[in-house]
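Read off the chains here:
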Amino acid sequence: MASDADFMARALVLAERGRGFVTPNPRVGAVLVRDGAIVAEGWHKVFGGPHAEVECLHDAEKKGVDPAGATMYVTLEPCNHFGKTPPCSRTLLDARVGRVVVGCLDPNPVAGGGAELLRQGGVDVTVGVLALECRDAIADFVVWKTLGRPFVTVKLAMTLDGRIASRTGDSGWVSGEASRARVHAMRAACQAVLVGGGTLAADNPRLTHRLDGGPLARNPQPLAVAVTRRLPAPDGPLALVRDRPEQLVIFTGKAAAAGPAAAKLTALGVRVFGLPEKADGGLDLLPGLVRLRTEANVYTVLCEGGGGLAATLLAQGLLDELTVFYAPKVLGDDKAVAGFSGLAVPRMAGAAPFRFVATERVGEDLMVTARPAVPTDRATVDG
């Protein structure tokens, strides 16, 4: 017999269908259950559209299913405020749903409180089923709401021995064609792609998504963001400066940002953000990320290189998710380029702890998703 966890797991699968379409709303899925069977499903499909609970009720109506007395499983607490749509908690009360099972509570103080309203209306409410998994489904939303910066995913294509390029810098191609297509989908689902100065100079990237079709192909191109102390020449060969300067943001030192080269780039439409120095001499990336969030409506950032930038994000506590495409290859060369570099950790106990979130075969490669193993915010997950 199916359990609460089984039904919530299906709601989580549905929630993932909203990736790339509902930002800056959270991804949410819902299922309606009667007599131990799913009778309707829904998920938040597009920003500004009906929420998952309402979509699920619409599905029930289309199928001729009366929701009265049934149980709804929803990955996130039903909202309790009037935004672009009416409050879902009141909609569930009007539909006379008998029981509501919630994965995690809403971290947004403006929208929270739906579970309590449902209880006051006589609905049996259970909170915390697959709590960690449901919190993972809205991890980006939590970062936007609580930290005021974009959610940062570091993407790496690695050999089995953890190398992203040969000792000569050759990285074409580490991963297979299917993985590269997946990365283009990841670009289409974010608002900015971040690279370091080394990647910018060596690869002359465009950092655009190039999808053949599908709904994500209609998404706008992400901003290109480069972290570099050496500003590119305004009339040089860099494709980003030549072809899409108004979609290029450069993070650099404050002195460089105030210099003549920055002024020439700014005249072309490039945005140059001068960042403060950290005690170790590196740039403090947090102010730049906050400016992306507040000035450019960037909610999700995909970092694609290189190893030094990945390590910097990790060291500064700005790496929210790690996605690694492991290729079935081994270089076996200790001078090949590592996925993370530049940190000094003398003992294994000092290694940054992660937890695995998902694994998936993508063509010939293995895609592994992990997140920092930080303590769960129990107030948000369990209420």
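Small disclaimer: the values here were computed from a predicted structure and weren't measured.

1. Brief notes about the sheet that holds strand β3 (residues 71–76)
Spatially, the five strands line up as an open sheet ordered β2-β1-β3-β4-β5, and their pairing is mixed. With partners counted over all chains shown, the strands left at the sheet margins are β2 (37–43) and β5 (124–127), one partner each. Mean inter-strand twist for the sheet, computed between neighbouring axes without regard to direction, equals 20°. Bridge count between strand β1 (residues 29–34) and β3: four bridges; the pairing is antiparallel. Bridge pairing links Val 31 to Tyr 73 in β3. With respect to the sheet, helix α1 (residues 4–16) is in contact with β1, β2, β3 and β4 (99–104), its orientation differing from that of β1 by roughly 140°. Running over the sheet, helix α2 (residues 52–62) touches β1, β2 and β3 and is turned about 130° from β2.

2. Let's talk about the UniProt feature "binding site: NADP(+)" (unreviewed entry) in the chain
UniProt records the feature "binding site: NADP(+)" (unreviewed entry) at Ala 157, Trp 173 and Thr 199, using the numbering of this structure. With respect to the element layout, Ala 157 can be found in strand β6 (residues 151–158). Judged by relative accessible area, Ala 157 falls into the buried class, the value being 16%. With residues up to four places along the chain from it excluded, the contact list for Ala 157 reads Arg 163, Ile 164, Val 174, Ser 175 and Phe 325. By secondary structure assignment, the location of Trp 173 is in the loop between β7 (163–165) and α7 (177–188). In this structure Trp 173 touches Arg 180 and Lys 329, once residues within four positions along its chain are discounted.

3. Regarding the pairing of strand β9 (residues 223–227)
Along β9, five of the five residues are buried, which leaves the element largely enclosed by surrounding structure. Along β9, one buried face is formed by Leu 223, Val 225 and Val 227 and the opposite face, lined by Ala 224 and Ala 226, is buried too. When strand β8 (residues 192–196) meets β9, the two strands line up parallel, connected through five bridges. Bridge pairing in β9 links Ala 192 to Leu 223. Between the parallel elements β8 and β9, the chain passes through helix α8 (residues 197–203) in a crossover that is right-handed. In the sheet, β9 pairs with strand β10 (residues 248–253) via four bridges, with the strands oriented parallel.

Cut-offs applied
Residues numbered from 1 in each chain as written. Predicted model: local features only at pLDDT ≥ 70, side-chain atom pairs only at ≥ 80, totals over all residues. Heavy atoms only, no water. Pairing = 2+ DSSP bridges. Helix = DSSP H or I, 4+ residues; strand = E, 2+ residues; numbered from the N terminus. Axes fitted to C-alpha atoms, helices over the stretch in contact; angles between N-to-C directions. Contact = heavy atoms within 4.5 Å. UniProt positions renumbered as here; feature names shortened; annotations may be inferred. Buried < 20%, exposed > 50% of the residue type's maximum accessible area, 1.4 Å probe, protein only. Right-handed = clockwise from strand over helix to strand, strands pointing away.

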